[in-house]
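# What the coordinates show
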Amino acid sequence: MGDAPLLEVMLPFWGDPQLLYDAVESVRSQEDARWRLTIVDDCYPDESVAAHFAAETDPRIRYVRHEVNLGITANYEACRDLAQLPLMMFLGCDDLMLPGFVSRVLALHARHPDAGIIQPGVRVIDEHGDPAEPLGDKVKRALRPHADAPLVLRGERLATSLLHGNWLYWPSLVFRTEVIRRYPFRDGLPIIQDMALVVDMAVGGESLVLDSEVVFAYRRHTESASSASLLTGRRLPDERTYYAQAVDQMAARGWPKARRAARLRWTSRLHGLTLVPAALKSRDPQALRAVVRHAATLL
């Protein structure tokens, strides 16, 4: 096979430097060399990261650091602006490519060159790198369409499926660069912007190839379900805001099944119910009201 790079691996960074280095090594260890990697450091306060990459000798790897912290959405936009190759992705700074990742996604792209998005097979690991499948990932697995061969999803079917429940793993998604440039990230919704972008692409006529061959390890860190950011922060209100927008978007597109899925948002509401015990344990009336409202509200 030719060595010309086809996949632009953009790696937006803010987090644990050692996990970042592990992610970089997983790219370097690919069986297929047709990749190029750019680490985009969002001004993480650790000077050792810049020093580490200053010593990097692999010409396929470059390091860019913002002078100020831009935040997650603006850093994604910066990554997209820097991408030049036909395909691109936003690799998580704590996730891992398995050795066959590039080979598999390029093979899928060759078979489905018009697809705007590729979702390869993913396994979940914990913060220690051990296999894990918490409840949320069990739900993702149940919601994800199943097929013996790569499955092409598009239009209302794709939008409806995702609005029922987000089974995507954003850091593993591979996009046609010219296609993703047409769709802006939504302002003010950083928690759900990944699904929102893919739904927007479905509305715009783009297709997604869903593959079951596992070539990516997504790291799920152990989190406390009673954390203030989850119970009383912006996550639940932001979800409701997005789904309300999606109800109007699907109605305007003339997709009644997708509109109903957005209005019911049943997995989002069930997630609210799972937080009730933590809210009760917190003895915070505001937290309890927040999760009950989220679970009970129809759009």
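Above this text is the structure in question.
Worth saying up front: this structure is predicted, and the values here are computed from it rather than measured.

Within the chain, the regular secondary structure consists of 14 helices and 9 strands. Taken over C-alpha atoms, the radius of gyration comes to 19 Å for the chain, in line with the 19 Å a tight globule of 299 residues would show. Principal axes of the C-alpha set define a box for the chain whose edges measure 55 × 40 × 35 Å. Across the 299 residues that make up the chain, the buried fraction comes to 51%. For the chain, the proportion of contacts with a sequence separation of at least 24, taken over those separated by at least 6, is 81%.

What follows covers the side chain of aspartate 32. By secondary structure assignment, the location of aspartate 32 is in the loop between α1 (17-28) and β2 (35-41). At a separation of 2.7 Å, a polar atom in the side chain of aspartate 32 contacts the side chain of arginine 34.

Phi angles above zero are rare outside glycine, and cysteine 43 is one such case at about 60°. Inspection of the secondary structure puts cysteine 43 in the loop between β2 and α2 (47-54). The phi torsion at arginine 265 lies on the positive side, around 35°, for a residue other than glycine. Note on placement: arginine 265 falls in the loop between α11 (256-264) and α12 (266-274).

Let us now look at the layout of surface pockets. Within this model, the second largest pocket holds a volume of roughly 330 Å³. Lining of the second largest pocket is provided by 22 residues; of these, Gly121, Val122, Arg141, Arg144 and Ser212 occupy positions nearest its centre. Broken down by secondary-structure element, the contributors of at least two residues to the lining of the second largest pocket are β6 (117-125), α5 (135-143) and β9 (207-219). Among the elements that make up the lining of the second largest pocket, the one with the highest residue count is β6 (6 residues).

In this structure, Phe90, Leu163, Trp167, Phe175, Leu208 and Tyr242 are the most contacted members of the largest nonpolar core, which totals 45 residues. Among the elements that take part in this core, helix α8 (residues 193-203) stands out by supplying 8 residues, more than any other. Sequence-distant contacts of leucine 163, defined by excluding residues within four places in its chain, comprise Met195, Tyr242, Tyr243, Ala246, Met250, Ala258, Ala261, Ala262 and Arg265. Listed in part, the 36 residues of the second largest apolar core include Trp35, Val105, Leu106 and Tyr169.

Now for the environment of alanine 132. Examined against the element boundaries, alanine 132 turns out to sit in the loop between β6 and α5. Owing to a relative accessible area of 25%, alanine 132 belongs among the partly exposed residues under this scheme. Remark: the alpha-carbon pair of alanine 132 and alanine 74, spanning 58 residues in sequence, is separated by 31 Å. Beyond its immediate chain neighbours, meaning those up to four positions away, alanine 132 contacts Val124, Ile125 and Asp126.

Here we take up the pattern of salt bridges. Think of it this way: side chains of opposite charge can pair up when their charged atoms draw near. One pass over the structure, following the stated rule, counts 16 salt bridges. Of the charged contacts, one joins glutamate 133 and arginine 141 as a salt bridge, the two residues approaching to 2.5 Å between their closest N and O atoms. Given the relative accessible area of 32%, glutamate 133 is considered partly exposed. Residue classification places arginine 141 among the partly exposed positions, given a relative accessible area of 39%. One salt bridge in this structure joins arginine 176 and glutamate 178, with 2.4 Å as the shortest N-O distance. Taking relative accessible area as the criterion, arginine 176 reaches 15% and is therefore assigned buried. Residue glutamate 178 is classed as partly exposed on the basis of its relative accessible area of 49%.

Each aromatic ring pair is specified by the distance between its two centres and by the angle formed by the two planes. According to the stated counting rule, one finds 15 aromatic pairs in the structure shown. Here the aromatic residues Tyr76, Phe90, Trp170, Phe175 and Phe185 are joined through ring pairs into a cluster of three or more. Here the guanidinium or amino end of lysine 140 rests over the ring plane of tyrosine 169, the centre of that ring lying 4.7 Å away.

Glancing now at a nonpolar patch on the surface. Judged by side-chain polarity, Trp266, Leu270 and Leu273 come together as a nonpolar surface patch covering roughly 280 Å² of accessible area. Tracing the backbone through its elements, the reader meets leucine 270 in helix α12.

Conventions and cut-offs
- Residues numbered from 1 in each chain as written.
- Predicted model: local features only at pLDDT ≥ 70, side-chain atom pairs only at ≥ 80, totals over all residues.
- Heavy atoms only, no water.
- Helix = DSSP H or I, 4+ residues; strand = E, 2+ residues; numbered from the N terminus.
- Rg over C-alpha atoms; globule rule 2.2 N^0.38 Å.
- Buried < 20%, exposed > 50% of the residue type's maximum accessible area, 1.4 Å probe, protein only.
- Contact = heavy atoms within 4.5 Å.
- Polar contact = N/O pair within 3.5 Å; in protein donor to acceptor, adjacent residues only side chain to side chain.
- 1 Å grid on protein atoms, 1.4 Å probe; cavity = no way out; pocket = protein on both sides within 12 Å on 5 of 7 lines; lining within 4 Å.
- Points joined across faces, edges and corners; volume = space filled by probe spheres on them.
- Core = buried A, V, L, I, M, F, W, Y, C linked by side-chain atoms within 4.5 Å.
- Salt bridge = Lys/Arg side-chain N within 4 Å of Asp/Glu carboxyl O.
- Phe/Tyr/Trp six-rings, centres within 6.5 Å; stacked < 30°, edge-to-face > 60°.
- Lys NZ or Arg CZ within 6 Å of the ring centre and 35° of its normal.
- Patch = residues over 30% accessible without salt bridge, like charges linked within 9 Å, V, L, I, M, F, W, Y side chains within 5 Å.
- Areas by Shrake-Rupley, 256 points an atom, 1.4 Å probe, with all protein chains shown as cover.

Everything listed here is a matter of geometry and, on its own, says nothing about what the molecule does.
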